[in-house]
Amino acid sequence: MTKTVYFCAGWFTDKQNKAYKEAMDALKQNPSIDLENSYVPLDHQYKDINVAEHPEVLGDKEWCTATFNGDRLGVKTSDVILAVYVPEEEDVGMGVELGMASSLGEYICLVIPDEDYGKKINLMSWGIADNAIKMSDLAKFDFNKPVFNFYEGNVY
């Protein structure tokens, strides 16, 4: 059996992009994940308009509303919320997605790059996560057997 994930990840900085790619590569190796049917927000931008190539759409209410609602449905219909979390570069959008997921009772797993694991994270992100794992554990983490575990770092 495989699970679908909502791939919650920032892509605004070089460090976020590196973590994004590492997490995506690990998910492709994970036998408990159905990546083909998972929801990756960057693959579901309204009318296939890539915001990185067309930042002017951020001023288009139709595009913004449809993109937000598409992501909201992605959170609602996925089996697992996977948040690629870079401690020093928090993404407020990720916070909204995690809040939605929690209110829907979704399983939330933070994935933190190995070099950042143990660093302080936001209290709200810490509290909302059902588990926090190292990036190096993502490829073999069994999402068919979700477990609760505390993040090993402190909060701010």
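For the structure, check the block above.
Every chain's residues receive numbers from 1 upward, in the order its sequence appears when written. Given that this is a predicted model, residues contribute local features only at a pLDDT of at least 70 and side-chain atom pairs are listed and counted only at 80 or more, while totals for whole chains, interfaces and linings are drawn from all residues. Values shown for side chains rest on all heavy atoms present in the structure; no hydrogens or waters enter the calculation.

**Q** Explain the pattern of salt bridges here, please?
**A** One side chain can pair with another of opposite charge once the charged atoms of both are near each other. Throughout this description, the term salt bridge denotes a Lys or Arg side-chain nitrogen within 4 Å of a carboxyl oxygen of Asp or Glu. Inspection of every chain in the model, using the stated rule, returns nine salt bridges. With its nearest N and O atoms 2.7 Å apart, the salt bridge here joins K18 to E22. Taken together, the residues span about one helical turn, with K18 and E22 both in helix α1 (residues 14-29) at a distance of four residues. Three labels apply to residues, based on accessible area from a 1.4 Å probe with only protein chains included: buried if under 20% of the type maximum, exposed if over 50%, partly exposed otherwise in between. Using a relative accessible area of 44% as the deciding quantity, one classes K18 as partly exposed. E22 gets classed as partly exposed once you look at its relative accessible area, which sits at 28%. Note that E88 is salt-bridged to K119, the shortest N-O span being 2.8 Å. Remark: K119 occurs in the loop between β3 (107-112) and α4 (123-128) and E88 occurs in the loop between β2 (80-84) and α3 (92-103); sequence separation between them is 31 residues. Among the residues examined, E88 registers a relative accessible area of 44% and is labelled partly exposed. It is possible to trace a salt-bridge network through shared partners that takes in K15, E88, D116 and K119. Numbering of helices and strands starts at the N terminus; helices are DSSP runs of H or I of at least 4 residues and strands are runs of E of at least 2.

**Q** How should the packing of aromatic side chains be read in this particular structure?
**A** Two rings from Phe, Tyr or Trp (for Trp, the six-membered ring) form a pair when their centres are within 6.5 Å of each other. A pair whose planes differ by under 30 degrees is stacked, one over 60 is edge-to-face, and the rest are tilted. Considering all chains together, one arrives at seven aromatic pairs under this definition. Taken together, a centroid distance of 5.0 Å and an interplanar angle of 85 degrees make the contact between F148 and F150 edge-to-face. The rings of W126, F148 and F150 are connected pair by pair, giving a single aromatic cluster.

**Q** I'm lost on the sheet that holds β2 in this one. Help?
**A** Each strand in a sheet pairs with another by means of backbone hydrogen bonds, the pair being arranged parallel or else antiparallel. Only strands that DSSP links by at least two bridges are regarded as paired with each other. Read from one edge to the other, the open sheet built from four strands follows the order β1-β2-β3-β4, with strand pairing classed as parallel. Edge positions in the sheet fall to β1 (5-9) and β4 (131-134), since each has one partner strand and no second. Pairwise comparison of adjacent strand axes, ignoring direction, gives a mean angle of 25 degrees for this sheet. Looking at chain direction, β1 and β2 are connected through five bridges and run parallel. The residue bridging A9 from the neighbouring strand is V84, located in β2. Contact between two residues is taken to exist if any of their heavy atoms lie within 4.5 Å; hydrogens are not considered. For helices, the axis comes from a line fit to the C-alpha atoms of the stretch in contact; other axes are also lines fit to C-alpha atoms, and the angle between any two N-to-C directions lies between 0 and 180 degrees. Along the sheet face, α1 touches β1 and β2 and points at about 160 degrees away from the line of β1. Relative to the sheet, α3 contacts β1, β2 and β3, its axis offset from that of β2 by approximately 160 degrees.

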